[in-house]
Amino acid sequence: MTGIKALRAAALGLAAMVFVGLAGQGLAQDGPVQGVAPPIVAPEQPTTGKVTQLTTGQAPAPETPAGDLNYDEWETVAARAERALENAQASSVTLELVRAQVVDWREAFLRAQNANVSRLGTLRDQISALGPAPAEGETEADEIAARRAELNAQLATLQAPGIAAEEAYRRADGLIREIDRVLRERQADELLKLLPSPLNPANWPEAYSALVGSTSVLMREATVRWSLPTAHKQMVDNLPLIVLLLALALGLIWRGRTLVEAGVTRLVGQSTARGLRVSALVLSLGQILIPTIGAVALTEALKLSGMIGIVGTVVADVLPVAGFTIFALHWLGGRVFPKRGLWAPLPLPDEARAEGRFLSTIFGILLGVEVLREAALNNQALTDAARSVLDFPFLVVAAFVLWRVGRLLQQASSSEAVPGEDASSRSFRSGTLSLLGRLAMAVGIIGPLLGAIGYIAAAGAMIYPAASSLGLIGMLFIFQTLITDVYGMLVRSEDDAKAALVPVLLGFVLVIASIPVFALIWGARVSDITEVWTRLREGFQIGETRISPTDFLVFAVAFGIGLTATRLFQGALKGTILPRTKMDQGAQNAIVSGIGYVGIFLAGLIAINTAGLDLSGLAIVAGALSVGIGFGLQNIVSNFVSGIILLIERPVSAGDWIEVGGVQGVVKSISVRSTRIQTFDRTDVIVPNTDLVAGRVTNWTRFNLTGRLIVPVGVAYGSDTRKVERVLREIAEAQPLALLNPAPMVAFMGFGADSLNFEIRVILRDVNFSLSVRSEINHQIAQKFAEEGIEVPFAQRDITLRNAREIARAFRGEAEPEEVPREAEPDGPRELPRDYLPGEGLTRADTDEDAEIAGRGDDDDGGSSEGGFGSLDGGRR
């Protein structure tokens, strides 16, 4: 059951471990506890091949410097570890103690390997400065040869401790791996151990006897203490303090949580200040702290009464732990399934959230009672049957809670999208919640079945870690929300905080940091976590440099801190400092952007220095790659340099109306690679910065807002041009935004195909209003021209039908007439009819007759084709 105890202890959290430590200190002061094994202290066993006991003080901690390592002591510790591994009877506690000593030595050996790295590098540089060693048969100067031999001797002397430390490190590492393998095998055997079935009634009497025995011990201890005069005197002397502590405990446990919850509700209902959720979250922590203080007061009151014995003291010491567990899970349920749906991380209805809070409280009560039960039964040697029967009801209740929570997660996965959630986010949320819900429901079903068969340890290793993992995921949700809210308070914009990168990165770091906690919940030992950390610290060797993943981790953390500080400083400048200056918006944006780039550069340098990364060895490689990269990225580099030039010279700033490459619009943002321009039809165009620096750019509003507006106007032929000029000048001068110096101008531009062309040329105070001014001028032109009788022309075209008679005949369905031979025409010109129409030799009477025939539109099927032919005739003007 050691694995299950570890799982449950991990679920209690860090504060619970603090309470356990305090309780352990109290027990150590009171003396040994009945039924608890005292510390194992025994002299070192002779070399008999069997190791059953071990003392932690036999091997002193190794010294850090490589020259101070005592390899004789290390041989003793290593031999003891090897004997423990050979002895199958060695307990897990013994192996853990041996392992702890070997780990200390391994750390010392790891430090010793790098003890003289700088000095060794200096010696190698000195030897290289002497030149290459002479080949066989060649000689060199005596002074150089003597110096080379001296330096080589020093090099060999300095290398010896590192080589010895590396060999000892390999041995210690192998011993640790072997001990871990043995402990994992024992843990697996414990989980797969088959106990008597708890459903067998024959096993129930043993469990009943264990409960009765534990209760009898508590009652017997209280009876014995009551009969002692010293206990009576202690109780009387401490009676005022006992009454005060009991009243305090009752008030804090019974009413403290309710008062805090009422305060949070009042704060949320009356305040609309920024950071409201942060304040409500911090205030709600009182729902854990205040009742837990009441549990501590209750424990102290019981101890001061003198009416509890050894077992009662053990139970009283874990009361704060049990209370903390209950109150913490109740608080967690209130945050994950809040009463206010607006702040709910899961889209669930009110009834489902109420059920979630109830289930969380039930699970907390279950764990609290389990802590008290383990403390009360700790002094009894329970049989396998009793342990199985006593653990099974807790497993069933925990599995039911887990199954119901899985149902709630399934319901949340199928709910509608929350406000502001896009399709991809909703798909990810639904998939994650659905997977967690299915796993929780599966564990809630499989766990009790395994427990009913008799695999109590395996069932507990599934149910409790699964429930604790869901609780830890809920805590991650709460911390992520807290990070976003705090960042929103710092940058003074909650909307920007939701879309910012820094809270996401901090949340990612938080998830990575929670991986060891998940591992502890699912049965990993603390030594397993430290072993992984050791492997990360060990790293790998490249030439003479050892690089470890922890260096990159330190780099990422340092760079993240620098980036966060840069963004916070930018937010303060943008929201507080720069708006109080007289700089325009473009200058403010340039300063904020420049500080951002400088801050990122400095954060990278500081992170590299903090991580201790030596990049000098990569200089040659970087130089070789820079040529190829330069050709491949020359456009990007050009745009980057152009972006720096734009930020420094600022020929174009955010908010300017510019025209570049046929694109006209307002500059929205300038980055180091490109500039975003929003056109007047509200589309965004990304323009490379090189086009703005090397190309031709028209900036309408950068240095002044004045600009010329040209409005072309056409009038009909025959209009009085002087009158037109006067009317147009009056219209132009009447515009409020038109400058009178220079005065508006009306130019007679020339004779067009259909009109006399004029232009109104006006200088506007603000060119941004050119479109509205143009529209107003056109309105006034239409009004004034109508009043003055000036005609605005429109294009006209004459259309001639060359075969009108054939079209009419084909429309009626008549056959073509037979060709009649023409009489010989007399020589010389003849007189044409006055109604003759050129083109086909038709007269007006002929065309009128054809049009009349075609207009009748005779049709065999009774339909009318007037519209179709009318369009032909109507097109002729």
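Residues numbered from 1 in each chain as written. Predicted model: local features only at pLDDT ≥ 70, side-chain atom pairs only at ≥ 80, totals over all residues. Heavy atoms only, no water.

1. Points about the pairing of strand β5 (residues 674-679)
Using the following cut-off: Remark: exposure states derive from per-residue accessible area (1.4 Å probe, protein chains only) relative to the maximum for the residue type, with buried under 20%, exposed over 50%, and partly exposed in between. Here a helix means four or more residues in a row that DSSP labels H or I, a strand means two or more in a row labelled E, and each is numbered from the N terminus. Two strands make a pair as long as DSSP finds a minimum of two bridges between them.
Among the six residues of β5, five are classified as buried, and the element is accordingly described as predominantly covered. Sheet topology places strand β4 (residues 663-670) next to β5; five bridges connect them, and they run antiparallel. Looking across to β5, one finds that Val667 is bridged to Ile677. Sheet topology note: the β5/strand β6 (residues 684-688) ladder contains five bridges and is antiparallel. Paired with Thr675 across the strands is Val687, a residue of β6. Between β5 and the antiparallel strand that follows it, β6, lie four residues; Arg682 among them carries a positive phi value of about 65°.

2. A short note on the confidence of the model for the protein
Low-pLDDT portions of the prediction should not be read for the details of their coordinates. What counts here: Known as pLDDT, the predictor's per-residue confidence is scaled from 0 to 100. The criterion used for residue contact is that any of the two residues' heavy atoms lie within 4.5 Å.
Mean pLDDT over the protein stands at 78; residues scoring 70 or higher make up 78%. Across residues 1-59, where pLDDT falls below 50, the model places 85 contacts with residues more than four positions away in sequence or in other chains. Contacts from residues 836-877, a stretch scored under 50 in pLDDT, to residues over four places away or in other chains number 36 contacts.

3. As for helix α5 (residues 117-129)
Residue pairs three or four apart in sequence face the same way in an α-helix, which turns once every 3.6 residues. For clarity, the threshold we go by: In a helix, the anticipated span is given by 1.5 Å times the number of residues less one.
End to end, α5 covers 18 Å across 13 residues, agreeing with the expected 18 Å (1.5 Å per residue, within 8%). The elements touched by buried residues of α5 are α6 (142-191). Trailing α5 by a residue or two, Gly131 shows a phi angle of about 95°, which is positive.

4. As for the sheet that holds strand β3 (residues 657-660)
The strands making up a sheet associate through backbone hydrogen bonding, with each pair oriented either parallel or antiparallel. Our working rule: Axis definition: a line fitted to C-alpha atoms, over the contacting stretch in the case of helices. Angles run 0 to 180 degrees between N-to-C directions.
Taken in spatial order, the five strands line up as β6-β5-β4-β3-β7 in an open sheet, and their pairing is antiparallel. Whereas interior strands pair on both sides, the edge strands pair on one side only; in this sheet they are β6 and β7 (697-699). The sheet shows a mean angle of 40° between the axes of neighbouring strands, direction not considered.

5. Thoughts on the sheet that holds strand β9 (residues 745-751)
On the basis of which strands lie adjacent, the open sheet formed by three strands has the order β8-β10-β9 and antiparallel pairing. Strands at the two margins of the open sheet, each flanked by one partner only, are β8 (707-715) and β9. The sheet shows a mean angle of 25° between the axes of neighbouring strands, taken without regard to direction. Here helix α26 (residues 721-733) sits on the sheet in contact with β8, β9 and β10 (756-764), set at roughly 20° to β10. Packed on one face of the sheet, helix α27 (residues 770-788) meets β8 and β10 and runs near 25° to β8.

6. Section: the side chain of Ser770
Considering the arrangement of structural elements, one finds Ser770 in helix α27. Accessibility expressed as a relative area gives 16% for Ser770, which makes it buried. With sequence-adjacent residues up to four places away left out, Ser770 is seen in contact with Trp657, Leu709 and Leu764.

7. Observations concerning unusual backbone geometry
The step from Asn741 to Pro742 runs through a cis peptide bond, and the omega angle for that step is 0°. Assignment of secondary structure puts Pro742 in the loop between α26 and β9. Positive phi, normally seen in glycine, also occurs at Arg682, with a value near 65°. Assessed through its relative accessible area of 62%, Arg682 is described here as exposed.

8. Topic: the packing of aromatic side chains
Where two aromatic rings form a pair, the distance of their centres and the angle of their planes describe that pair. Stated formally: Only Phe, Tyr and Trp rings are paired, with Trp represented by its six-membered ring, and only when their centres lie within 6.5 Å; those with planes under 30 degrees apart are stacked, over 60 edge-to-face, the remainder tilted.
Scanning the model with the defined rule gives eight aromatic pairs in all. Here Phe748 and Phe751 contribute two aromatic rings whose centre-to-centre distance is 5.5 Å and whose plane-to-plane angle is 65°, an arrangement assigned as edge-to-face. Here Phe748 falls in the partly exposed class, since its relative accessible area comes to 37%. By relative accessible area, Phe751 is classed as exposed at 64%. A connected cluster of aromatic rings, assembled from ring pairs, spans Tyr71, Trp74, Trp105 and Phe109.

9. Thoughts on the nonpolar core
Basically, it comes down to this: The definition of a nonpolar core used throughout is a set of buried Ala, Val, Leu, Ile, Met, Phe, Trp, Tyr and Cys residues joined through side-chain atoms within 4.5 Å.
Core analysis: the largest hydrophobic core is formed by 40 residues, its most contacted members being Leu346, Phe363, Leu402 and Tyr464. Of all the elements in the fold, those that place two or more residues in this core are α13 (319-336), α14 (350-376), α15 (384-413), α16 (423-453) and α17 (456-491). For Leu346, the residues in contact, after removing those within four places along its chain, are Val336, Phe337, Leu409, Ala412 and Leu433. Of all hydrophobic cores here, the second largest spans 24 residues; its members include Ala81, Ala84, Leu110 and Tyr169.

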